[in-house]
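Here is how the chains run, residue by residue.
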Amino acid sequence: MAPDPTSPHPRGALSLDRARAIAFVEGYARTWESWDVDGFVDVFGEEIVYVAHPTEETVFGRDALRRYLLGERDTQGTVSVRLGEPMVEGRRVMAEFWVTATNDAGNETYAGCFIAQIDADDGRCTHFREYWFDIEGHAAPFDGWGE
């Protein structure tokens, strides 16, 4: 079946299996929280385009992602990662994240969301964007967060 040229998904309207989307989200959270750098990089494709933040850094490829993550590990310290209920649309999965971090600077919270485009064949992420807010101290999620 050829992709529909009128589809809002220009790279094809292939739908992502919900189980595969959930597996990506769970792998992303688990490997971030444990700082399993190799495991984290493995949920992304070889040619990943990872937009860490619109004003921060964009990394291209797994090697650059590995270097980026090692720097984040040193900056963030010990983290507790929570993800909201994933939303799946076409080949994209979106979820909110709520992360508390303890590092040399003290306690911080990162509240944000990501949009990941997943390869429907192998389940790895090909394009990733995230946006977040830095909150001083450890903050609890607001009512309704992650729904």
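Just above, that's the structure.
The paragraphs below set out a description of the structure included in this document. Just so we're clear, the structure is a prediction, and the values are computed from it rather than from any experiment. (Residues numbered from 1 in each chain as written. Predicted model: local features only at pLDDT ≥ 70, side-chain atom pairs only at ≥ 80, totals over all residues. Heavy atoms only, no water.)

On to the nonpolar core. By size, the foremost hydrophobic cluster in this structure holds 35 residues, and its most contacted members are Phe24, Phe44, Tyr50, Phe114 and Phe128. At the level of secondary structure, the elements contributing two or more residues to this core comprise helix 1 (18-33), helix 2 (37-42), strand 1 (44-51), helix 3 (62-76), strand 3 (78-83), strand 5 (92-103), strand 6 (106-118) and strand 7 (125-136). Looking at which element gives the most residues to this core, the answer is helix 1, with six residues. (Core = buried A, V, L, I, M, F, W, Y, C linked by side-chain atoms within 4.5 Å. Buried < 20%, exposed > 50% of the residue type's maximum accessible area, 1.4 Å probe, protein only. Helix = DSSP H or I, 4+ residues; strand = E, 2+ residues; numbered from the N terminus.)

With that out of the way, let us pick up the pattern of salt bridges. In this structure the tally under the stated criterion is eight salt bridges. The shortest N-O distance in the salt bridge between arginine 18 and glutamate 85 comes to 2.7 Å. In this pair, arginine 18 sits in helix 1 while glutamate 85 sits in the loop between strand 3 and strand 4 (87-89), placing the two residues 67 residues apart along the sequence. Judged by its relative accessible area of 47%, glutamate 85 is partly exposed. The salt bridge partner of arginine 62 is aspartate 42, with a shortest N-O separation of 3.3 Å. Taken together, the residues arginine 62 in helix 3 and aspartate 42 in helix 2 connect sequence positions 20 residues apart. By relative accessible area, which is 38% here, aspartate 42 ends up partly exposed. Look at the salt bridges and you will find they share partners, linking Asp42, Glu46, Arg62, Asp122 and Arg124 into a network. (Salt bridge = Lys/Arg side-chain N within 4 Å of Asp/Glu carboxyl O.)

Attention now moves to the environment of glycine 71. Topologically, glycine 71 is positioned in helix 3. Residue glycine 71 is classed as partly exposed on the basis of its relative accessible area, which comes to 31%. C-alpha of glycine 71 to C-alpha of phenylalanine 128: the two residues are 57 residues apart in sequence and 18 Å apart in space.

Coordinates in, geometry out; function isn't part of it.
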